[in-house]
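Each chain, letter by letter, is given below.
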Amino acid sequence: MSFLTVRALSKHYGPVAALDDVSLDVRQGSRTAIVGPSGSGKSTLLRIIAGFEAADAGTVELDNATLVDGANAVPAHLRGIGIVSQDGALFPHLSIADNIAFGLDRRSPDRKKRIADLMALIGLDLAMLERRPHQLSGGQQQRVALARALARQPRLMLLDEPFSALDTGLREQMRQAVTQILGDAGITAVLVTHDQAEALSFADQVALMRGGRLVQRGTPRDVYFHPADRETALFLGDALILPAKLDGGTASTPLGCFPVAKHEPSGMAQILLRPEQIQLVPPDSGQPQLEILHAAFSGANWTLQLRLIDQPNHPPLHLRISGVDIPSTGSHVGLAVKGVAHVLEEAEMSQQQ
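Quick summary incoming for the structure in this document. (Residues numbered from 1 in each chain as written. Predicted model: local features only at pLDDT ≥ 70, side-chain atom pairs only at ≥ 80, totals over all residues. Heavy atoms only, no water.)

Taken as a whole, this structure holds three aromatic pairs when the rule is applied. Ring geometry for F91 versus F102: centroids 4.6 Å apart, planes at 40°, classification tilted. A residue pair is termed long-range when its members are at least 10 positions apart, and F91 in the loop between β7 (81-84) and α2 (96-100) and F102 in the loop between α2 and α3 (111-122) qualify at eleven residues. We classify F91 as partly exposed; its relative accessible area is 26%. Centroid distance Y224 to F225: 4.9 Å. Interplanar angle 80°. Geometry classified as edge-to-face. A cation over a ring is seen here: R31 above F202, with NZ or CZ 5.7 Å from the ring centre. (Phe/Tyr/Trp six-rings, centres within 6.5 Å; stacked < 30°, edge-to-face > 60°. Helix = DSSP H or I, 4+ residues; strand = E, 2+ residues; numbered from the N terminus. Buried < 20%, exposed > 50% of the residue type's maximum accessible area, 1.4 Å probe, protein only. Lys NZ or Arg CZ within 6 Å of the ring centre and 35° of its normal.)

As structure tokens, then:
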């Protein structure tokens, strides 16, 4: 059953359609990530849900209560929604305690206990309560911003790229912490991000937007391994897309023959392989051989430039793979594939030809 329901939502800024007939369902207690390139409409969608922007058309319902019906909307402060923004937006002149308790009744007898409970929830020491925001690290400030949003016990938490200003290591640490906190509190959450890895690791459901439209939604694994089209495939991560001839569950490509789902019809197609499906193997006389032209080490991965030996006019292939023992430049290798290749839709193929 849908807890947050968005139906046919549209928003224009002059002639530009920021949102075009967007519909989305979010289950109670779940985490949804809305991902897309800059200008795709994801932040506009979040701001309409929060009540910071007015829609031109469409509806938004939260727990069966209508928040938006075209131009008619419930004021933001009456929606029971918490929001954490990119910079945290803490009040610099207030202590951490007063920041957390900003929306709480000062006369409440449980006010101090509520602040202490929230500090414990976000994993910060009570000794920090009298500090000012500038005396905390970026990650600590984001935790305080989350505590402030949680203080009023929101029904829904909106996260507007809350980790993007943090360093890479801290960003992942904070993402894991926030995921745990929201899960323990049982709060439904919607994250907006342009970071594909962040969306895939945070969410139960990923919704991908492009040009103001929702182009695909599903589980992280489904949208990653079974993207709706070529552009989605390339946006969500590294991808190897090859022309192929399908026949009986096998795709014949310039790089060799790889398995596809048995139900795929025979004929010409394009297939998608993710880097983690691909392994370098010793060259086999029955399969195309490749020469490693260049290998660049980048920590967890190697970026390889490969040349098809028997097709000198074929453009070089670029492949990012993980591994410790990568063959040296000039070596000949073959490719093996784990799992099955994904066949891109025929409509998308025709647009690329």
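Looking now at the pattern of salt bridges. For the structure on display, the rule yields twelve salt bridges. Across the pair D204 and R31 runs a salt bridge whose closest N-O atoms are separated by 3.7 Å. Here D204 is found in the loop between α6 (196-202) and β10 (205-210), whereas its partner R31 is found in strand β3 (residues 31-35), with 173 residues between them in sequence. For R175, the salt bridge is made with E198, and the minimal N-O distance between the two is 3.7 Å. One end of the pair, R175, is in helix α5 (residues 168-185); the other, E198, is in helix α6, and 23 residues separate them in sequence. Side by side, R175 and E198 carry an identical accessibility label, which is buried. Look at the salt bridges and you will find they share partners, linking R7, D25 and R217 into a network. (Salt bridge = Lys/Arg side-chain N within 4 Å of Asp/Glu carboxyl O.)

Now for helix α1 (residues 42-50). α1 sits mainly inside the fold: seven of its nine residues count as buried. Turning to α1, its buried residues number three or more, namely K42, T44, L45, L46, I48, I49 and A50. In the stretch just after α1, G51 is the one whose phi turns positive, near 100°.

Limitation: the analysis is restricted to geometry and does not speak to function.
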